[in-house]
Amino acid sequence: MSLQEFNMSIAGEWTGANSGKVFESLDPATASPWAQFPDADESDVNRAVEAADRVFKSSEWRSINATARGKLLRKLGDLVAQNIETLAQLESRDNGKLIRETRAQVNYLPEFFYYTAGLADKVEGETLPLDKTDMMAYTIREPLGVVAAIIPWNSPLYLTAIKLAPALAAGNTIVLKPSEHASATLIELVKLAELAGIPKGVVSVVTGFGPSTGAALSSHPLVRKVAFTGGAATAKHVIRSSAENFAKLSLELGGKSPQIVFEDADLDSALNGIVAGIFAASGQSCVAGSRLLIQRSVYNKFLDALVEKASKIKIGDPALDESEMGPMATAQQLAVVESFVEQAKKQGAKLRLGGERADLEKGWYYQPTIFECAANSDYLMQEEVFGPVAAVIPFDTEEEALAMANDSNYGLAAGVWTRDIARAHRVARDVHSGIIWVNTYRVVSAMASIGGYKHSGYGRESGIDSVLAYTERKTVWINLSSDPMSDPFVMR
Ligand code: NDP
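Residues numbered from 1 in each chain as written. Predicted model: local features only at pLDDT ≥ 70, side-chain atom pairs only at ≥ 80, totals over all residues. Heavy atoms only, no water.

Thoughts on the sheet that holds strand S15 (residues 369-372)
At step 1: Here 7 strands make up an open sheet; going across it, the order is S14-S15-S16-S13-S12-S18-S19 and the pairing mixed. Each edge of the sheet is formed by a strand with only one pairing partner; in this case those strands are strand S14 (350-353) and strand S19 (435-438). For this sheet, the mean angle separating the axes of adjacent strands, direction not counted, is 25°.
At step 2: Where strand S18 (residues 413-417) meets S19, 4 bridges bridge the pair, whose relative direction is parallel. Residue pairing in the sheet places Val416 in a bridge with Val438 of S19.
At step 3: Across the sheet, helix H11 (residues 296-311) is in contact with strand S12 (258-261), strand S13 (291-295), S14, S15 and strand S16 (389-395); its angle to S13 comes to roughly 135°.
At step 4: On the sheet, helix H14 (residues 398-406) packs against S12, S13 and S16 and is oriented at approximately 145° with respect to S16. (Pairing = 2+ DSSP bridges. Helix = DSSP H or I, 4+ residues; strand = E, 2+ residues; numbered from the N terminus. Axes fitted to C-alpha atoms, helices over the stretch in contact; angles between N-to-C directions. Contact = heavy atoms within 4.5 Å.)

What to know about the packing of aromatic side chains
At step 1: Counted according to the given criterion, the structure contains 10 aromatic pairs.
At step 2: Arranged with centres 5.4 Å apart and planes meeting at 45°, the rings of Phe112 and Tyr158 form a pair that is tilted. With Phe112 in helix H5 (residues 99-119) and Tyr158 in helix H6 (residues 156-169), this residue pair connects regions lying 46 residues apart in the sequence. With respect to burial, Phe112 and Tyr158 carry one shared label: buried.
At step 3: Aromatic pair Phe340 and Tyr379: ring centres 5.3 Å apart, planes at 20°, arrangement stacked. Placement of Phe340 in helix H12 (residues 331-346) and of Tyr379 in helix H13 (residues 379-382) is noted, with a sequence separation of 39 residues between them.
At step 4: Of the residues examined, Tyr379 reaches a relative accessible area of 24% and is grouped as partly exposed.
At step 5: Joined through ring pairs, the aromatic side chains of Phe6, Phe23, Trp34, Phe37 and Phe209 make up one cluster.
At step 6: Seen from the ring of Phe56, Arg62 lies directly overhead, with NZ or CZ sitting 4.6 Å from the centre.
At step 7: One residue, Lys225, lies across the ring of Tyr470, its end atom 4.1 Å from the ring centre. (Phe/Tyr/Trp six-rings, centres within 6.5 Å; stacked < 30°, edge-to-face > 60°. Buried < 20%, exposed > 50% of the residue type's maximum accessible area, 1.4 Å probe, protein only. Lys NZ or Arg CZ within 6 Å of the ring centre and 35° of its normal.)

Focus: the packing of H6 against helix H7 (residues 184-195)
At step 1: Axis separation between H6 and H7 bottoms out at 9 Å; the angle between their running directions is 45°. Comparing the axis directions of H6 and H7 gives the class oblique. Handedness of the H6/H7 crossing: right-handed. Contact with H6, carried on its side by Pro156, Leu157, Thr160 and Leu164, involves Thr185, Leu186 and Leu189 of H7 and no other residues of that element.
At step 2: Class assignment for the residues of the contact of H6 with H7 results in 5 nonpolar, 2 polar and no charged. (Parallel < 35°, antiparallel > 145°, perpendicular 65-115°, else oblique. Left-handed = near helix turned anticlockwise from the far one by under 90°. Nonpolar A, V, L, I, M, F, W, Y, C, P; charged D, E, K, R; others polar.)

A closer look at the domain arrangement of the protein
At step 1: Domain annotation for the protein reports domain 1 (4-253 + 456-475) and domain 2 (258-438).
At step 2: Averaged C-alpha coordinates put domain 1 and domain 2 at centres separated by 31 Å.
At step 3: Domain 1 puts 22 residues into the contact, and the matching count from domain 2 is 29 residues.
At step 4: Carbon and sulfur atoms make up 59% of the area that domain 1 and domain 2 hide from each other, which totals about 2,000 Å².
At step 5: Together, Leu98, Trp153 and Ser456 form the three largest contributors to the area buried by domain 1 at its contact with domain 2, with a combined 28%.
At step 6: The tally of links from domain 1 across to domain 2 stands at 1 salt bridge.
At step 7: Where Asp321 meets Arg103, a salt bridge forms, and the shortest distance between an N and an O atom there is 3.0 Å.
At step 8: Our count for the contact surface shared by domain 1 and domain 2 stands at 8 residue pairs in polar contact (both at pLDDT 80 or more).
At step 9: Mapped by element, the contributors of at least two residues to the side of domain 1 that touches domain 2 are strand S4 (22-27), helix H4 (84-95) and H5. (Domains from an automatic or database assignment. Buried area = accessible area lost by both parts, 1.4 Å probe. Salt bridge = Lys/Arg side-chain N within 4 Å of Asp/Glu carboxyl O. Polar contact = N/O pair within 3.5 Å; in protein donor to acceptor, adjacent residues only side chain to side chain.)

A word on the side chain of Ser25
At step 1: Checked against the element boundaries, Ser25 lands in strand S4.
At step 2: Ser25 gets classed as buried once you look at its relative accessible area, which sits at 1%.
At step 3: A polar side-chain atom of Ser25 sits 3.4 Å from a polar atom in the side chain of Asp94.
At step 4: With near-sequence residues (within four places) excluded, Ser25 lies in contact with Ser32, Pro33, Trp34, Ala35, Phe37, Asp94, Glu180 and His181.

A word on the site of the ligand
At step 1: In the neighbourhood of the ligand, 28 residues make up the surrounding shell, with Ile151, Trp153, Glu180, Gly231 and Glu384 lying closest.
At step 2: Between the ligand and Glu180 there is a distance of 2.4 Å, counted from an oxygen atom to a side-chain nitrogen or oxygen.
At step 3: For the ligand, the protein covers 86% of the area, taking 850 Å² as the surface of the free molecule.
At step 4: Within the residue set of the shell around the ligand, elements represented by two or more residues are helix H8 (210-218), strand S10 (223-229) and helix H9 (232-245).
At step 5: Ranked by residue count, the leading element in the shell around the ligand is H8, at 5 residues.
At step 6: Here the shell around the ligand is built from residues that sort into 12 nonpolar, 12 polar and 4 charged.
At step 7: Counting contributing residues per domain, the shell around the ligand is built from domain 1 (4-253 + 456-475) and domain 2 (258-438), each supplying no fewer than three. (Near = heavy atom within 4 Å. Areas by Shrake-Rupley, 256 points an atom, 1.4 Å probe, with all protein chains shown as cover.)

Observations regarding the sheet that holds S4
At step 1: Spatially, 3 strands are ordered S1-S5-S4 in an open sheet, and the strand pairing comes out mixed. Across the chains shown, the open sheet's two edge strands, defined by having one partner strand only, are strand S1 (4-5) and S4.
At step 2: In terms of strand pairing, S1 meets strand S5 (residues 32-38) through 2 bridges, oriented parallel. What sits directly across from Gln4, in S5, is Ala35.

Focus: a nonpolar patch on the surface
At step 1: A surface patch of nonpolar side chains, about 230 Å² in accessible area, is lined by Met136, Ile478 and Leu480.
At step 2: For Ile478, the location among the structural elements is in strand S22 (residues 471-479). (Patch = residues over 30% accessible without salt bridge, like charges linked within 9 Å, V, L, I, M, F, W, Y side chains within 5 Å.)

As structure tokens, this is what we get:
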């Protein structure tokens, strides 16, 4: 079967790589190649960033004011809304995510553009209440310049929308680097940005591999901000590059998010929440609720019910509406999951469900897997798998649950299941993570920020201050005195 061929967009031109090289992307449901993308090298990245810098400084982009930028974003949201099915099908094909999930995600995607469009012309400066009577000072929020957005394979459209929309609302230009495993939908999004009337070169996309294309982009001297979502090891490269180009960073990394189930919870609801947290998207989610802390009095009953429910999950082709768990997105991620499972077994974790590849003819499918762990310090309780592997442990008291929840290098998300309102608020206050869901899990909104504590990264995306994160604050001083400036050798 012939491969679908994609080009990248640099400075508004649809093009292959300078070198003419291409790479293939594999369909996770079949492990066969289905598409081909340009393999951008440093020269391509230079072209894209230099063009983005030129366009940033151009009168064409500068003359489009914040209200007009908001209108462009709203138009882009409309175009996404008109193309939901195409985008959802493409993303599902490319990264193996269930069509029912990509459809739901793309269906909500326009809201990120609409919400951010509304913020574009609400970025205000301040007049400062100074302690100097002969001076006045005010601030201006200015765009940064060229933004590099480095996107992983698990939810490319969503993770791009929350970077692209605020970057453009603030007046920046942007170069997108998708994962080599899931580039197709970002290319389609850039086509829609063009159709929306966003000037050529404001949004570019370079396809290729992380250590070459991604590294050239994040370390480029003209890049002023890198908005990165991905793994901690790669984030360290990005941080090191920023020591050279002084790019600002937002890092949305992984997690080992605890889900705490108290004995007074609605246990049926909690069961669904736990399944949503760790088996939806085959666990390939930065907010996966991968550590299950269950109060001892309901531990056996709850765990048995979870094992029973998870054993009935329908694993299958992501393109089918009835499938509940699709494949792992990449062969590497499947290997990562297998190696974690082997290590957990070696360490003596008790396997309650799964622990093997799913028995399908082709594709990278893995079974829902549940391990009981002896201590919170166990390997599986501490390390992120990014797969459908739950690590379960009992606790006796709220204090103990909190201590375990916080005994982690990560701090991205957490779930708490209880009917006790005071306890819900106490736990929400005391867990160290950027998001806490009470009696629910994996909810997102354009109005709510996401981001982590500790090794889960820094910076926040989405929400009311998302646009500010793509601006620089400038302070302007005005001398109100009619007297000549006096002593030049002292600070005023
Ligand atoms: P990476 O962190 O490697 O990938 C994220 C993005 O960074 C991709 O676009 C990747 O490109 C790019 N990249 C890779 N190397 C570099 C580099 N040196 N400089 C700049 N950009 C680079 O994630 P992986 O796919 O390798 O997954 C590893 C782990 O990361 C997972 O097991 C999981 O724990 C975590 N992860 C977290 C995600 C989240 O949502 N927070 C999403 C995905 C993974 P390319 O893919 O082409 O290499």
